[in-house]
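Spelled out, the chains give:
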Amino acid sequence: MAARGRFISLEGGEGVGKSTQVRALAAALRERGLEVVETREPGGSEGAEKIRELLLTGDEDRWGAQAEALLFAAARADHVDKVIRPAIEAGKWVLSDRFVDSSLAYQGGARGLGTEAVRAINAFGIKDWFPDRTLVLALAEGGARARARDNQESDRIGGRPEGYHQKVDLAFRQIAAEEAARVRIVDASGEPGEVTERLLGEIADLLP
Ligand code: TYD
């Protein structure tokens, strides 16, 4: 049987260059001879991509806070079952653009459900498949400016007001403080290559 792979999630607010870094980190891991599955949330499996559409389109008030959190959790349960768990069991590395910490920050923190409630509804679907490491890309300042730039194509959630996104940032920092072994804040400023090196530094202990 193949040795178990690793599970890394990348997190952060809007406009911090997360998708660029997911691609760059995947490439860097492949250069080290690892087999890498790149995936994303909401989505990542066929069923979860259907739920993504429900979550990200339509009016801002399409879903109440609880329904929204449960839909994210349902999508995640399918993503874990169909994509993440099988890949890790086959010895692959999984790199996910967002995972449960987005729900903790956006629904738990910013939308006010509380991180404990959101953690509880997610634990049911995630079971033991929490990330080995979670890297939160963050800009010390200028987050609002980056979001404004990003806002032309924002979706149901990305388009929420600036105060919402400030609460998201704060929640990510609180989660990182509470779960320092798993969750690391990584400075997203500077050249993309430098940021990728910082990310690699935060997973150095997991590399074979
Ligand atoms: P996406 O297009 O993937 O945006 P981004 O490039 O910012 O990752 O849209 C995902 C949106 O959904 C984003 O605004 C964050 C939000 N989200 C939640 O609110 N809760 C969650 O659990 C997840 C995974 C995402």
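The structure under discussion appears in the preceding block.
Owing to the predicted nature of the structure, the values given are computational and were not obtained by experimental measurement. (Residues numbered from 1 in each chain as written. Predicted model: local features only at pLDDT ≥ 70, side-chain atom pairs only at ≥ 80, totals over all residues. Heavy atoms only, no water.)

1. Observations concerning the site of the ligand
Under the convention used in this document: The near set for a molecule or strand comprises every residue that places at least one heavy atom within 4 Å of it. Definition of a polar contact: a pair of N or O atoms within 3.5 Å, with one able to donate and the other able to accept a hydrogen when the atoms are protein atoms, and with sequence-neighbouring residues admitted only if both atoms are side-chain atoms. In short, Shrake-Rupley with a 1.4 Å probe defines the accessible areas, and a residue's cover is counted only from the protein chains shown. Two kinds of site are reported from a 1 Å grid over the protein atoms alone, namely cavities, where a 1.4 Å probe fits but cannot get out, and pockets, open sets with protein on both sides within 12 Å along at least five of seven lines, and residues are called lining when an atom falls within 4 Å of a point. In this description, a molecule resides in a pocket or cavity if more than half of its atoms sit within 2 Å of the grid points defining it. Labels follow the DSSP assignment, with helices taken as runs of H or I lasting at least four residues and strands as runs of E lasting at least two, numbered in each case from the N terminus. Think of it as three bins: nonpolar holds Ala, Val, Leu, Ile, Met, Phe, Trp, Tyr, Cys and Pro, charged holds Asp, Glu, Lys and Arg, and polar takes everything else, Gly as well.
Contacts to the ligand come from 16 residues, most closely from Lys18, Arg76, Arg98, Ser103 and Gln107. Side-chain polar atom of Asp155 to an oxygen atom of the ligand: 3.4 Å apart, as the coordinates give it. The fraction of the free accessible surface of the ligand (540 Å²) that becomes covered by protein chains is 87%. Spatially, the ligand is embedded in the largest pocket. Every element with two or more residues in the shell around the ligand is listed here: helix H2 (46-56), helix H3 (65-89) and helix H4 (100-110). Of all the elements, H4 adds the most residues to the shell around the ligand, at four residues. Looking at side-chain class alone, the shell around the ligand contains five nonpolar, four polar and seven charged residues.

2. A look at the environment of Leu199
For the record, the criterion: In what follows, residue pairs with any heavy atoms lying within 4.5 Å of each other are defined as contacts.
In this fold, Leu199 is placed in helix H8 (residues 192-202). Measuring from C-alpha to C-alpha, the distance between Leu199 and Leu113 comes to 30 Å, with 86 residues separating the pair along the chain. In this view, Leu199 contacts Leu10, Gln21, Leu25, Leu135, Leu137 and Val186; residues no more than four positions away in its chain are not counted.

3. Describing the sheet that holds strand S3 (residues 93-97)
What counts here: Two strands make a pair as long as DSSP finds a minimum of two bridges between them. Lines fitted to the C-alpha atoms define the axes, with helices restricted to the stretch that makes contact. Angles between their N-to-C directions range from 0 to 180 degrees.
Reading across the sheet, the five strands line up as S2-S3-S1-S4-S5 and stay open at both edges, with parallel pairing between neighbours. Each having just a single partner strand, strand S2 (36-40) and strand S5 (183-187) make up the two edges of the open sheet. Taken pair by pair, the neighbouring strands of this sheet meet at an average axis angle of 20°, ignoring direction. Pairing analysis gives four bridges linking strand S1 (residues 7-12) to S3, with the strands arranged parallel.

4. A few points about H3
Put simply, the test is: Under the convention used throughout, the expected extent of a helix is 1.5 Å for every residue step, that is, one less than its residue count. Bend, at a single residue, is the angle you get between axes fitted to the 7 residues ending at that residue and the 7 residues starting at it.
Given a rise of 1.5 Å per residue, 25 residues ought to cover 36 Å, and the 34 Å separating the end C-alpha atoms of H3 matches this to within 8%. The largest bend along H3 measures about 45° and falls at Val80. A positive phi of about 90° marks Gly91, the residue just after H3.

5. Here's the deal with the nonpolar core
Heads up, the condition is: The nonpolar core is taken to be a set of buried Ala, Val, Leu, Ile, Met, Phe, Trp, Tyr and Cys residues, with the residues joined through side-chain atoms within 4.5 Å. Here the term buried applies to any residue with accessible area under 20% of the maximum for its type, exposed to any over 50%, and partly exposed to those in between, with areas from a 1.4 Å probe on protein chains only.
By size, the foremost hydrophobic cluster in this structure holds 31 residues, and its most contacted members are Ile84, Phe99, Ala105, Tyr106 and Val168. With seven residues, H3 is the single largest residue contributor to this core. For Phe99, the residues in contact, after removing those within four places along its chain, are Phe7, Ser9, Glu11, Glu41, Arg76, Val80, Ile84, Ile126, Trp129 and Pro131. Within the second largest apolar cluster, 21 residues are counted, among which are Ile8, Leu10, Val22 and Ile203.

6. Looking at the packing of aromatic side chains
Where we set the bar: Each aromatic pair joins two rings of Phe, Tyr and Trp (for Trp, the six-membered one) with centres within 6.5 Å, and gets the label stacked for planes under 30 degrees apart, edge-to-face for over 60, and tilted for any other angle.
According to the stated counting rule, one finds three aromatic pairs in the structure shown. Ring plane angle 80° and centroid distance 4.9 Å describe the contact between Phe7 and Phe99, whose orientation is recorded as edge-to-face. Taken together, the positions of Phe7 in strand S1 and Phe99 in the loop between S3 and H4 put the pair 92 residues apart, joining distant regions of the chain. In terms of burial, Phe7 and Phe99 fall into one category: buried. By way of ring pairs, the aromatic residues Tyr106, Tyr164 and Phe172 are connected into one cluster.

7. Description of unusual backbone geometry
For the bond from Glu41 to Pro42, the omega torsion is -10°, close enough to zero to count as cis. You can see Pro42 is positioned in the loop between S2 and H2. Of note in the backbone geometry, Arg98 takes a positive phi value of approximately 80° without being a glycine.

The quantities given are spatial measurements derived from coordinates; they are silent on function.
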